[in-house]
Amino acid sequence: QGGKDNMAGKADPYAGIEFDEINEVTGLEPDEIKCLKNCFDLFDSKKQEFLSADDLDEILRAMGFRPSKEELMDILKEIDEDGSGEIEFGEFCQLCAKFLVEDPDIETMKRELKDAFRIYDKAGEGFITMDTLRGLISELLAPLTQEELDGIIEELDEDGSGTMDFDEFCEMMMSAPEH
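Below or above, wherever it landed, is the structure these notes cover.

Definitions and limits used
- Residues numbered from 1 in each chain as written.
- Predicted model: local features only at pLDDT ≥ 70, side-chain atom pairs only at ≥ 80, totals over all residues.
- Heavy atoms only, no water.
- Helix = DSSP H or I, 4+ residues; strand = E, 2+ residues; numbered from the N terminus.
- Contact = heavy atoms within 4.5 Å.
- Buried < 20%, exposed > 50% of the residue type's maximum accessible area, 1.4 Å probe, protein only.
- Lys, Arg positive; Asp, Glu negative; His and termini not counted.
- Salt bridge = Lys/Arg side-chain N within 4 Å of Asp/Glu carboxyl O.
- Polar contact = N/O pair within 3.5 Å; in protein donor to acceptor, adjacent residues only side chain to side chain.
- Core = buried A, V, L, I, M, F, W, Y, C linked by side-chain atoms within 4.5 Å.
- Patch = residues over 30% accessible without salt bridge, like charges linked within 9 Å, V, L, I, M, F, W, Y side chains within 5 Å.
- Areas by Shrake-Rupley, 256 points an atom, 1.4 Å probe, with all protein chains shown as cover.
- Charge placed at Lys NZ, Arg CZ, Asp CG, Glu CD.
- Axes fitted to C-alpha atoms, helices over the stretch in contact; angles between N-to-C directions.
- Parallel < 35°, antiparallel > 145°, perpendicular 65-115°, else oblique.
- Nonpolar A, V, L, I, M, F, W, Y, C, P; charged D, E, K, R; others polar.

1. Some thoughts on the side chain of E91
Assignment of secondary structure puts E91 in helix α5 (residues 89-101). Excluding its chain neighbours within four sequence positions, the residues that come into contact with E91 are I79, D80 and E86.

2. Concerning the side chain of D44
Take D44: it is sitting in the loop between α2 (30-43) and β1 (50-52). For the buried D44, no salt bridge exists, and the shortest N-O distance to an oppositely charged side chain is 5.4 Å, to K47. Among the polar contacts listed, one links the side chain of D44 to the backbone nitrogen of Q48, at a separation of 2.8 Å. In contact with D44, not counting residues within four places along its chain, are E49, F50 and L51.

3. Let's talk about the nonpolar core
I33, L36, L60, F89, F92, C93 and L95 are the most contacted members of the largest nonpolar core, which totals 26 residues. Residue assignment for this core shows that the elements contributing at least two residues are α2, α3 (56-62), α4 (69-79) and α5. F92 has contacts with L36, C39, F40, L51, I59, M63 and I87, leaving out every residue within four places of it along the chain. If you look at the next biggest cluster of nonpolar residues, it comprises 15 residues, including F117, I128, L133 and F169.

4. Here's the deal with the pattern of salt bridges
Per the counting criterion, the structure on display carries five salt bridges. Ionic pairing is found between R61 and D57, a salt bridge with its closest N-O pair at 3.3 Å. Placement of the pair is R61 and D57 together in helix α3, with a separation of four residues, close to one helical turn. Overall, R61 belongs to the partly exposed group, its relative accessible area being 36%.

5. So, a negative patch on the surface
On the surface, a cluster of negative charge is made up of E155, E158, D159, D165, D167 and E171. The exposure class of D167 is exposed, given its relative accessible area of 52%.

6. With respect to the packing of helix α1 (residues 19-26) against α2
The contact between α1 and α2 brings their axes to 10 Å, and the two run at 100°. Relative to α2, the element α1 is oriented roughly perpendicular. Residue-level contacts link F19, I22 and N23 of α1 to P30, I33 and K34 of α2. Of the residues that constitute the contact of α1 with α2, the class distribution is four nonpolar, one polar and one charged.

Shown next, in the form of structure tokens:
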């Protein structure tokens, strides 16, 4: 960090944000909060310092969230306590945090897994070897003992092929215990 002093010349777009406060309420990291601030400013085109509750559906969709009408109503009730229909930045963070922590939809997960899979499937053969997988798992689930690692690999390589294709990989990642 430590680069704060030279910021004085420029207006700091994040100056008024109570990072700690928002983090406490939402669990969002400063980077995520900044990212949301950029979104917020983008949608707050009239620079009113708030977003209209009526626009929320559009805004959330633009951000890749797909709330149902019911979900949105519930969340609005919870966040816009005074019923003003004005969503300030702090409230916006709470709102987005709800979607960010909710499980991403399976499609998104699959896309991300596909990217991960590609990285490990260096030759583009459509499968990864158990050796590669061993490295991957020991990173993901570290620290593991050799025995635990062997056990996991054995379990994963049910058909004894020594390789894992994308579907098996997806299955493994989606059923992996959350840490």
